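Spelled out, the chains give:
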Amino acid sequence: MHRDDKDSEYKESTEPMPKEEHRPRRPLIEVIHHDEDVIVLAKPPSLWLDVAAGEATSVTEQLIKQGLLADGPDPMFVYPLDPPVSGILILAKSEVAARNLADQVKAVGIQLTALAIVRGPVMKNEGTIDFKLTDLAAGPKGKMKVDAIRGHDAVTTWTVRDQFVGFALLECRTQPVMPHQFRVHLEAAGIPLAVDPLYSGATKLLLSSFKAGYQRSHRRPERPLIDRVSLHVASVEFRHPQSGEACRYESVLPKDFKATLHQLERFGRMPK
């Protein structure tokens, strides 16, 4: 279409941009499934479940704004995901559904599969970790530890999906669903997450840590590829609390996790 300067539709505005355009972009959840009993969603990293941090809304607030959750009692998350962890999350919308799903957790009826970027090399192609776990009496809230005497049974199985110089990508499955289980089990097995300062991982993963001949900029510091827990809950399997139907849902990799794997693929291979 030809532009006509007299046509006000195409005249450039000299007014300043609205303030909201300058606000930090807020991570948004993706609702994968919802019905009268459950909501299944994909949680991006850096998002709290029911408490807003800074200007970011929480998962609960976003669901309320979308009309999928009533603004009332605390929501019933079947298992927790810490803010730095991304991936699939299940929320029960009724007490009956919450009790049913809690029973499935106890009976090992809910299974999570996660992708983990860990410090390598990993010498085996697969393994099973069955250390008993318990909450840490003192220290950061929610942190767990291995305790053969007072700990609860927990099993994590893992398979190597890919190997890089100093790092590896694992597919992990857990039974039952316990907070921090992937993280503490991998640390105890000597293959901690690449990024997880709470469990022997680093605070961030830099391209310079594996790219040969990396040239640092003198003008600005290097930006990390990923600076949150390098764990993504990729899928969940459970039975619907009302129908009993077997359900399986998946979550795509978030941008930072995908970008990290892309750079590891490009620059993290052993030279031939």
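Everything discussed here concerns the structure shown above.
In this text, all values refer to a predicted model and were calculated from it rather than measured experimentally.

Visitor: Can you explain empty space enclosed by the protein? Please cite residues and give values.
Guide: Scanning the entire structure with this criterion turns up one cavity of 30 Å³ or more. It is helix H3 (residues 181-188) that contributes the most residues to the lining of the largest cavity, three residues altogether. Residue classes in the lining of the largest cavity are distributed as eleven nonpolar, three polar and two charged.

Visitor: For unusual backbone geometry, give the residues involved together with the corresponding values.
Guide: Of the consecutive residues glycine 120 and proline 121, the connecting peptide bond is found in the cis state with omega at 0°. Tracing the sequence through the fold places proline 121 in the loop between strand S5 (111-119) and strand S6 (126-129). Phi at serine 46 takes a positive value of approximately 65°, unusual for a residue other than glycine. Within the element layout of this structure, serine 46 appears in the loop between strand S2 (38-43) and helix H1 (59-65).

Visitor: Outline the pairing of strand S4 (residues 86-92), listing residues and values.
Guide: Strand residues, when the strand is regular, have side chains that alternate between the two faces of the sheet. In terms of residue burial, S4 counts as a mostly covered element, since seven of its seven residues are buried. Sheet topology note: the S2/S4 ladder contains six bridges and is antiparallel. Among the inter-strand pairings, valine 38 is bridged to a residue of S4, identified as alanine 92. Here strand S3 (residues 76-77) pairs with S4 via two bridges, running antiparallel. Note on S4: the bridge partner recorded for phenylalanine 77 is leucine 91. Inspection of the sheet shows S4 paired to strand S11 (residues 231-239) by two bridges, in the parallel sense. Following the sheet pairing, glycine 87 is matched in S11 by valine 233.

Visitor: Would you mind going over the packing of aromatic side chains in detail, with residue names and values included?
Guide: For the structure shown, the criterion picks out two aromatic pairs. Centre to centre, the rings of phenylalanine 167 and phenylalanine 210 are 6.1 Å apart; their planes meet at 80°, and the pair counts as edge-to-face. Here phenylalanine 210 lies in the loop between H3 and S11 and phenylalanine 167 lies in strand S10 (residues 167-175), a separation of 43 residues in the sequence. The class for phenylalanine 167 is buried, based on a relative accessible area of 10%. Over the ring of tyrosine 199 we find lysine 143, and its NZ or CZ is 5.4 Å from the ring centre. Here the guanidinium or amino end of lysine 211 rests over the ring plane of phenylalanine 267, the centre of that ring lying 4.3 Å away.

Visitor: Any details on the layout of surface pockets? Residues and values, ideally.
Guide: In this structure, the largest pocket spans a volume of roughly 930 Å³. Looking at the lining of the largest pocket, the elements with two or more residues in it are S2, S4 and helix H4 (255-267). Examining the composition of the lining of the largest pocket, we find that three residues originate from one element, H4, more than from any other. Tallied by class, the residues present in the lining of the largest pocket amount to twelve nonpolar, five polar and nine charged. Of the pockets and cavities examined, the second largest pocket occupies roughly 310 Å³. Along the walls of the second largest pocket sit Trp48, Leu49, Asp50, Val51, Pro80, Leu81, Asp82, Pro83, Lys141, Gly142, Pro179 and His180, which together make up its complete lining.

Visitor: Please give an account of the pattern of salt bridges that cites residues and values.
Guide: Considering all chains together, one arrives at 13 salt bridges under this definition. Two residues, glutamate 95 and arginine 99, come together in a salt bridge whose shortest N-O distance is 4.0 Å. Of this pair, glutamate 95 and arginine 99 both sit in helix H2 (residues 95-106), four residues apart, roughly one helical turn. Assessed through its relative accessible area of 57%, glutamate 95 is described here as exposed. Note that glutamate 171 is salt-bridged to arginine 161, the shortest N-O span being 2.8 Å. Here arginine 161 lies in strand S9 (residues 155-164) and glutamate 171 lies in strand S10, a separation of ten residues in the sequence. Through salt bridges with shared partners, a single network forms among Arg173, Glu237, Arg248 and Glu250.

Visitor: Describe the pairing of S2, listing the residues and the values that go with them.
Guide: Extensive coverage of S2 is indicated by the burial of six of its six residues. By the alternation rule, side chains of S2 split into Val38, Val40 and Ala42 and Ile39, Leu41 and Lys43, which are all buried. Inspection of the sheet shows strand S1 (residues 30-34) paired to S2 by four bridges, in the antiparallel sense. Within the sheet, the bridge partner assigned to histidine 33 lies in S2 and is valine 40. The hairpin formed by S1 and S2 contains three residues between the paired strands.

Here is what the cut-offs are and how they apply
- Residues numbered from 1 in each chain as written.
- Predicted model: local features only at pLDDT ≥ 70, side-chain atom pairs only at ≥ 80, totals over all residues.
- Heavy atoms only, no water.
- 1 Å grid on protein atoms, 1.4 Å probe; cavity = no way out; pocket = protein on both sides within 12 Å on 5 of 7 lines; lining within 4 Å.
- Points joined across faces, edges and corners; volume = space filled by probe spheres on them.
- Helix = DSSP H or I, 4+ residues; strand = E, 2+ residues; numbered from the N terminus.
- Nonpolar A, V, L, I, M, F, W, Y, C, P; charged D, E, K, R; others polar.
- Buried < 20%, exposed > 50% of the residue type's maximum accessible area, 1.4 Å probe, protein only.
- Pairing = 2+ DSSP bridges.
- Phe/Tyr/Trp six-rings, centres within 6.5 Å; stacked < 30°, edge-to-face > 60°.
- Lys NZ or Arg CZ within 6 Å of the ring centre and 35° of its normal.
- Salt bridge = Lys/Arg side-chain N within 4 Å of Asp/Glu carboxyl O.

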